Amino acid sequence: EGGLFELLCEARTHMGEEALAGWLLAPAAPEEIRERHACVADLRGRLDLREHLGTLGGEEKAAVHPQALMSWATAPGVLGQPWIRWIAILLPVLFAGSVIVGYLADLWLPCVVILAIEAAVLYGLRQRLTQVLNPAESAFDSDDLKTFAGLLTRIQQEPFTSRPMQALISVFCRDGRRASSSVERLGTIVALAEQRRNLVVSLLLAVPFLYAIHVALAAERWRRAHGETVQAWLAATGRFEALSALAQYSYEHPEDPFPELIEGPACLRAQGIGHPLIPLVRCIRTDVTLVKPVRILLVSGSNMSGKSTLLRAVGLNTVLAMAGAPVRAHTMQLTPLQVGASIRVNDSLREGSSRFYAEITRLRQINELTGRGLPLLFLLDEMLQGTNSSDRRIGAEGVLRALQEQGAIGIATTHDLALTELPGLGEGILRNVHFQDYIENGMMRFDYELRDGVVTKSNGIELMRAIGLRV
């Protein structure tokens, strides 16, 4: 709640939610990011489209579970034998004829015999019918599919101009089959399957007209016709909704630019970077530069001065950049990066883990990221706070040296001014910056401006005295 995903996501289906979450969790390749930029630019001004899609379905529930739909659509058929289709047609016709004979000749025995045969057929096929119809009813309902079909219909009607968007939408209309019509037809089949429990249907249609067999056969025909294309529809829908979410963010924040992706050793240069979850009127921006030879920014300052917020601002904007979204900055240049963060690490009584043990476990996980794909941007808040000052200094120097030797760049914060001098890292690799605070009328005040160098004063003692502690 209150996070970046909630800020961005307006998806009407689970496919859109999962696609957007995946983009935020894993950095994309530069070519993919540039393609997303083109799509977002095409979608950004289409406010009517997004408003129409936003009114589909319920207010809270996202429609269609993709894995359930995929599993059902690609399952092997169980009603493929020709005799089942012939019986489904022949027996209801014979029943109707026997009713007419019984009414005209007062001969009802044929009608009873045919009903008995139909009941036997339904009993013999009950497991196969259950395999076809029950998963469809439990996995998705007709309202979900109606929402999905409405979404596809509206997307197919939109005249997109960029090639990536046109290629994406072309997935929904292949071989003369429109995905929206097919999904709408599936919704009708599911609605008919749900009607099996209707009292009128169960009494008048279930046995005499083999209602369940006809619905199941219709479902099987749908699976044979569209089972192989469902995955492409789901993937394209998820991608569209994720792009639409980024486009909505871009529309609502027109001052936020796309970042520039550059090549070379890991680096990040941002002017006027701010936290994307802080309202613009309260967002204080700063400049952050991690360009060779500087690999590490060590931020000192008191509690509440802005250190953790800086880490989050840099981390979230990097996540946005690598997802293909605009960033909260005046300008931002970076090489492709993955983010590893140690922020708000806590102990756990249930797991028998101290804060220090939880933190070093997290540091090990971050260190392991350096050997996986993209260079690492590490964000370490209050490094090794759970141990003594001597171990903290030695440990911090070792951790930071290991990270930068493996090509990582990053930011670390600390209260311990002893960490601001770590000669073992090499000349010019670490740059000290700080946030200041001051006491005014017994209250601690902050300007949240990032300054060069080590913080030169501490107001901890004054603040303790100001609230009445005898120190």
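The preceding data block contains the structure.
These lines cover the structure that appears in this document, whether it is placed above or below. (Residues numbered from 1 in each chain as written. Predicted model: local features only at pLDDT ≥ 70, side-chain atom pairs only at ≥ 80, totals over all residues. Heavy atoms only, no water.)

1. With respect to empty space enclosed by the protein
- For the structure on display, the rule yields one cavity of 30 Å³ or more.
- Size it by volume and the largest cavity reaches roughly 30 Å³.
- Every residue along the wall of the largest cavity is listed here: Trp72, Leu133, Ala136, Leu186, Ile189, Val190, Ala193 and Ala219.
- Looking at the lining of the largest cavity, the elements with two or more residues in it are helix H8 (126-139) and helix H11 (179-194).
- In terms of residue count, H11 provides more of the lining of the largest cavity than any other element does, four residues in total.
- Here the lining of the largest cavity is built from residues that sort into eight nonpolar, no polar and no charged. (1 Å grid on protein atoms, 1.4 Å probe; cavity = no way out; pocket = protein on both sides within 12 Å on 5 of 7 lines; lining within 4 Å. Points joined across faces, edges and corners; volume = space filled by probe spheres on them. Helix = DSSP H or I, 4+ residues; strand = E, 2+ residues; numbered from the N terminus. Nonpolar A, V, L, I, M, F, W, Y, C, P; charged D, E, K, R; others polar.)

2. A look at the nonpolar core
- Core analysis: the biggest nonpolar cluster contains 108 residues, and Ile213, Phe240 and Leu268 have the highest contact counts within it.
- When residues in this core are grouped by element, the largest group, 11 residues, is from helix H14 (residues 230-252).
- In this view, Ile213 contacts Ile84, Ala88, Val121, Leu122, Leu125 and Leu129; residues no more than four positions away in its chain are not counted.
- Grouped together as the second largest cluster of nonpolar side chains are 20 residues, Ile296, Leu298, Leu376 and Leu380 included. (Core = buried A, V, L, I, M, F, W, Y, C linked by side-chain atoms within 4.5 Å. Buried < 20%, exposed > 50% of the residue type's maximum accessible area, 1.4 Å probe, protein only. Contact = heavy atoms within 4.5 Å.)

3. A closer look at the sheet that holds strand E9 (residues 376-380)
- An order of E8-E9-E10-E6-E11-E14 is seen for the six strands of this open sheet, with the pairing classed as mixed. For this open sheet the edge positions go to strand E8 (338-342) and strand E14 (451-452), each flanked by a neighbour on one side alone.
- By the bridge criterion, four bridges tie E9 to strand E10 (residues 409-414) in an arrangement that is parallel. When the bridges of E10 are listed, Leu380 appears paired with Ala412.
- Packed on one face of the sheet, helix H16 (residues 355-369) meets E8 and E9 and runs near 170° to E8. (Pairing = 2+ DSSP bridges. Axes fitted to C-alpha atoms, helices over the stretch in contact; angles between N-to-C directions.)

4. Some points on the packing of aromatic side chains
- By the definition in use, this model includes five aromatic pairs.
- Residues Phe95 and Phe209 carry aromatic rings whose centres are separated by 5.9 Å and whose planes lie at 85° to one another, so their mutual orientation is edge-to-face. Placement of the pair is Phe95 in helix H6 (residues 82-105) and Phe209 in the loop between helix H12 (199-204) and helix H13 (211-226), with a sequence separation of 114 residues.
- Of the residues examined, Phe95 reaches a relative accessible area of 11% and is grouped as buried.
- Linked through ring pairs, Trp72, Trp222 and Trp233 together constitute an aromatic cluster.
- Between Arg223 and the ring centre of Trp72, over which it is positioned, the NZ or CZ distance is 5.1 Å. (Phe/Tyr/Trp six-rings, centres within 6.5 Å; stacked < 30°, edge-to-face > 60°. Lys NZ or Arg CZ within 6 Å of the ring centre and 35° of its normal.)

5. Examining the environment of Ala216
- Mapped onto the fold, Ala216 is located in helix H13.
- The exposure class assigned to Ala216 is buried, which follows from its relative accessible area of 0%.
- Every residue in contact with Ala216, bar those within four places of it in the chain, is listed here: Leu79, Leu129, Val132 and Leu133.

6. Notes on the packing of H6 against H13
- Two numbers describe how H6 lies on H13: the axes approach to 10 Å, and their chain directions differ by 140°. In terms of axis orientation, H6 runs oblique to H13. For the crossing formed where H6 meets H13, the hand is left-handed. Judged by residue contacts, Ile84, Arg85, Ala88, Ile89 and Pro92 of H6 engage Ile213, His214 and Leu217 from H13. (Parallel < 35°, antiparallel > 145°, perpendicular 65-115°, else oblique. Left-handed = near helix turned anticlockwise from the far one by under 90°.)

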